Amino acid sequence: MVDHGEQQRKPQSSYDEVLGVAEHHARAWLSSVTERPIPPRLQAEEIKDRLGRELPDDGEPATEVIARLAEGTEPGMIAIGSPRFYGWVIGGTQPVALAADWLVSAWDQNTGLRKITPAAVAVEELAGEWLLDMLGLPSESEVGFTTGATLAQFTCLAAARDEVLRRAGWDVETAGLAGGPRIRFIVGEERHGTVDLAGRYLGLGSPTVVDSDEQGRIRVDALRRELAASSGPAIVLLQAGNIHSGAFDDFAEAIAIAHEADAWVHVDGAFGLWAAASPRLRHLVSGMEGADSWSTDAHKTLSVPYDCGIAIVRDGPAMHRALSMHASYLQATDVGADPHEKVPELSRRARGIPTWAVLRALGRSGIARLVEGLADAARGIADGVGALPGVEVLNDVVFTQVCLTLDDDATTAALSEHLWNEGEVLAMTSRWHDRAVVRFSVSNWGTDAAQVARTVAAVERAIGEVRTAR
Ligand SMILES: *Cc1c(COP(=O)(O)O)cnc(C)c1O
């Protein structure tokens, strides 16, 4: 006889109710994102109080846990998905990407091995092929899905480290770094901070820094001098998309110079690489396809949920040497590479699937429109806010970034603080070229002309109030 009570307690039958509660709260959050104040209202310690600090001796039902979680944390959530969130280059979530991500969690495929999780591998490999095609990168390249651009850089630089040392007669994978040739790790003054981090993880030490120009582009003449000043294995790091100016390095020139010196060239294109997807903006990355590796994010421009970065390496064998492992209990593939040979992890979620979903939903032209829309919105903000008295836009607005200043540093800082307190527009202060700036990073798919108009109006209002108060 079937015991129905027993049946009810079986895990399979208990998903429905709790997923219903989660869906209810997810919908409530998503429908609030555009109009709610953007900054969090409570800080972490207050949220801990709301959730309850003690580990319970006895558990509570799953539905209650999820309701407690959603209700307890809500005031501590920042509306990163708001179309007026310009705080950092981070972007929101496309509906199709979120839906695909829910399935990724439900399917729970451990995506390390091709023979074991073929469906997940198929979707990720298609996404990888489409990305290479769309971004104009060499079709033989390997594509790995990492947690973000930091780890994508790490992944690419691990391949670079292996290969430049191998050319110098040193097998770093067996011999380690100690006693081997020193790698010259050469970067521009305005590289992203995570470049140093990736280099540090790999034992490359602090990078050698070359001057940048007024827009933050590496100076090609200075790079040439640096490469000529010494010899030995070298990795040169270039940038597509400076976080203050949006500027792009001169890839054609810099790559030619670096390759003459037998250096490996990596391009950090966390958000800027996507310029390649637009016929109108592609000129910005002209020549970058000549590099050896590229890192980017899907969780920024492409608006998939966290977390998804993308590591692309032309020399597949170098990538596999640096990242693969072997164990008798793993069922290794006999065709091509296993997913774990292209990323630092063995076990991981099938995080490339939401990327496939966005590419499928938008298509080539839709992705181009997405990227162009971000650049148009940045132009709109620069024109609208830049026309206000006393406002100066400091950068050439070539892509998605706008840096502006007011009368003096204190007034500039007061503007972003005022915007934060008001909650309708979020743009943060930074320092660029020794001045306080308010930085707008346009990276949300929902930032259209109407949102730009609302943004400009809010900034105008805030500037008026900041000046009155001072
Ligand atoms: C965001 C960003 C990174 C780091 O990416 P994560 O996804 O945060 O790891 C690296 N470089 C640039 C230019 C970025 O904008």
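Looking at an unreviewed UniProt entry, the protein carries the name Glutamate/tyrosine decarboxylase-like PLP-dependent enzyme, with the source organism given as Agromyces ramosus. Note on the protein: under the UniProt heading Cofactor (unreviewed entry), the record states "pyridoxal 5'-phosphate". Listed under Sequence similarities (unreviewed entry) in UniProt, the entry text for the protein is "Belongs to the group II decarboxylase family."

### Points about the overall build of the protein
When helices and strands are tallied, the protein shows 15 helices and eleven strands. Here the protein has a C-alpha radius of gyration of 24 Å; the compact-globule value for 470 residues is 23 Å, and the two agree. For the protein, the spread of C-alpha atoms along the principal axes amounts to about 75 × 70 × 45 Å. Of all 470 residues assigned to the protein, the portion counted as buried reaches 50%. Considering only residue pairs separated by 6 or more positions, the protein has 72% of its internal contacts joining residues 24 or more positions apart. Accessible surface, the protein as shown: approximately 21,100 Å² in total, 53% of it carbon and sulfur. A distance of 1 Å separates the average location of the 43 positive side-chain charges in the protein from that of its 66 negative side-chain charges.

### Digging into the sheet that holds strand β7 (residues 309-313)
Spatial strand order, β1-β7-β6-β5-β4-β2-β3: seven strands in an open sheet with mixed pairing. Single-partner strands in this sheet number two, and they are β1 (142-146) and β3 (208-210). Each neighbouring strand pair of the sheet contributes to a mean axis angle of 20 degrees, computed without reference to strand direction. When strand β2 (residues 184-188) meets strand β4 (residues 234-239), the two strands line up parallel, connected through four bridges. Within β4, the position partnered with valine 187 by the bridge is leucine 237.

### Some points on the environment of arginine 224
Along the chain, arginine 224 falls in helix α10 (residues 220-229). Taking relative accessible area as the criterion, arginine 224 reaches 45% and is therefore assigned partly exposed. C-alpha of arginine 224 to C-alpha of valine 210: the two residues are 14 residues apart in sequence and 9.7 Å apart in space. Once residues within four sequence positions are removed from consideration, arginine 224 is found in contact with Glu253 and Ile257.

### Details of the sheet that holds strand β10 (residues 428-432)
Taken together, the four strands give an open sheet; going across it, the order is β8-β9-β11-β10, and neighbouring strands pair in antiparallel fashion. Two strands in the sheet have a free side with no partner beyond their single neighbour: β8 (392-393) and β10. Strand direction decides the pairing type here: β10 and strand β11 (residues 435-441), joined by five bridges, are antiparallel. The residue bridging serine 430 from the neighbouring strand is valine 437, located in β11.

### Observations regarding helix α13 (residues 353-386)
Counted at 1.5 Å a residue, the expected span for α13 with its 34 residues is 50 Å, but the 40 Å between its end C-alpha atoms falls short. The largest bend in α13 amounts to roughly 95 degrees and is located at glycine 363.

### What to know about the side chain of threonine 411
Mapping threonine 411 onto the fold places it in helix α14 (residues 409-422). At 2.6 Å, the side chain of threonine 411 forms a polar contact with the side chain of aspartate 408.

### Quick notes on the site of the ligand
Lining the immediate surroundings of the ligand are 14 residues, of which Thr150, Asp268, Asp297, His299 and Lys300 lie closest. Between the ligand and histidine 299, the relevant distance is 2.8 Å, taken from an oxygen atom to a side-chain nitrogen or oxygen of the residue. A distance of 2.8 Å separates an oxygen atom of the ligand from a polar side-chain atom of lysine 300. Here the ligand has 380 Å² of accessible area as a free molecule, and 84% of this is covered by the chains. Of all the elements, helix α7 (residues 149-167) adds the most residues to the shell around the ligand, at three residues. Counted by class, the shell around the ligand contains four nonpolar, seven polar and three charged residues.

### Remarks on helix α9 (residues 193-201)
All of the buried residues in α9 are Thr194, Val195, Asp196, Ala198 and Gly199. For α9, the elements touching its buried residues are α7, β2, β4 and β5 (264-268). Positive backbone phi, at 75 degrees, marks glycine 203, one or two positions downstream of α9.

### Points about the pattern of salt bridges
Here the idea is simple: oppositely charged side chains can pair when their charged atoms come close. Tallying each qualifying case throughout the model produces 32 salt bridges. Between aspartate 101 and arginine 349 there is a salt bridge, and its shortest N-O distance comes to 3.0 Å. Residue aspartate 101 is found in helix α5 (residues 95-107), and its partner arginine 349 is found in the loop between α12 (316-323) and α13; the two are separated by 248 residues along the sequence. Three or more residues joined by partner-sharing salt bridges are found here, namely Asp162, Glu163, Arg166, Arg167, Asp262 and Arg321.

### Re the packing of aromatic side chains
Under the definition given, this model contains six aromatic pairs. Considering the side-chain rings of tyrosine 86 and phenylalanine 440, the 5.4 Å spacing of their centres and the 55 degrees angle between planes classify their relative orientation as tilted. A residue pair is termed long-range when its members are at least 10 positions apart, and tyrosine 86 in the loop between α4 (62-73) and α5 and phenylalanine 440 in strand β11 qualify at 354 residues. Of the residues examined, phenylalanine 440 reaches a relative accessible area of 0% and is grouped as buried. Consider the rings of tryptophan 130 and tryptophan 356, whose centres lie 6.2 Å apart with planes at 20 degrees: the pair is stacked. In this pair, tryptophan 130 sits in helix α6 (residues 118-135) while tryptophan 356 sits in helix α13, placing the two residues 226 residues apart along the sequence.

### Details of the packing of α6 against α13
Between α6 and α13, the least distance of the axes is 9 Å, while the angle of their chain directions is 30 degrees. On the basis of their axis angle, the class for α6 and α13 is roughly parallel. Considering how the two elements wind past one another, α6 and α13 form a crossing that is left-handed. Contacts from Ala120, Val123, Glu124, Leu126, Ala127, Trp130, Leu131, Asp133 and Met134 in α6 reach Ile353, Thr355, Trp356, Leu359, Arg360, Arg364 and Ile367 in α13.

Reading guide: rules and limits
- Residues numbered from 1 in each chain as written.
- Predicted model: local features only at pLDDT ≥ 70, side-chain atom pairs only at ≥ 80, totals over all residues.
- Heavy atoms only, no water.
- UniProt positions renumbered as here; feature names shortened; annotations may be inferred.
- Helix = DSSP H or I, 4+ residues; strand = E, 2+ residues; numbered from the N terminus.
- Rg over C-alpha atoms; globule rule 2.2 N^0.38 Å.
- Buried < 20%, exposed > 50% of the residue type's maximum accessible area, 1.4 Å probe, protein only.
- Contact = heavy atoms within 4.5 Å.
- Areas by Shrake-Rupley, 256 points an atom, 1.4 Å probe, with all protein chains shown as cover.
- Lys, Arg positive; Asp, Glu negative; His and termini not counted.
- Charge placed at Lys NZ, Arg CZ, Asp CG, Glu CD.
- Pairing = 2+ DSSP bridges.
- Axes fitted to C-alpha atoms, helices over the stretch in contact; angles between N-to-C directions.
- Expected span 1.5 Å × (residues − 1).
- Bend = angle between axes of the 7 residues up to and from the residue.
- Polar contact = N/O pair within 3.5 Å; in protein donor to acceptor, adjacent residues only side chain to side chain.
- Near = heavy atom within 4 Å.
- Nonpolar A, V, L, I, M, F, W, Y, C, P; charged D, E, K, R; others polar.
- Salt bridge = Lys/Arg side-chain N within 4 Å of Asp/Glu carboxyl O.
- Phe/Tyr/Trp six-rings, centres within 6.5 Å; stacked < 30°, edge-to-face > 60°.
- Parallel < 35°, antiparallel > 145°, perpendicular 65-115°, else oblique.
- Left-handed = near helix turned anticlockwise from the far one by under 90°.

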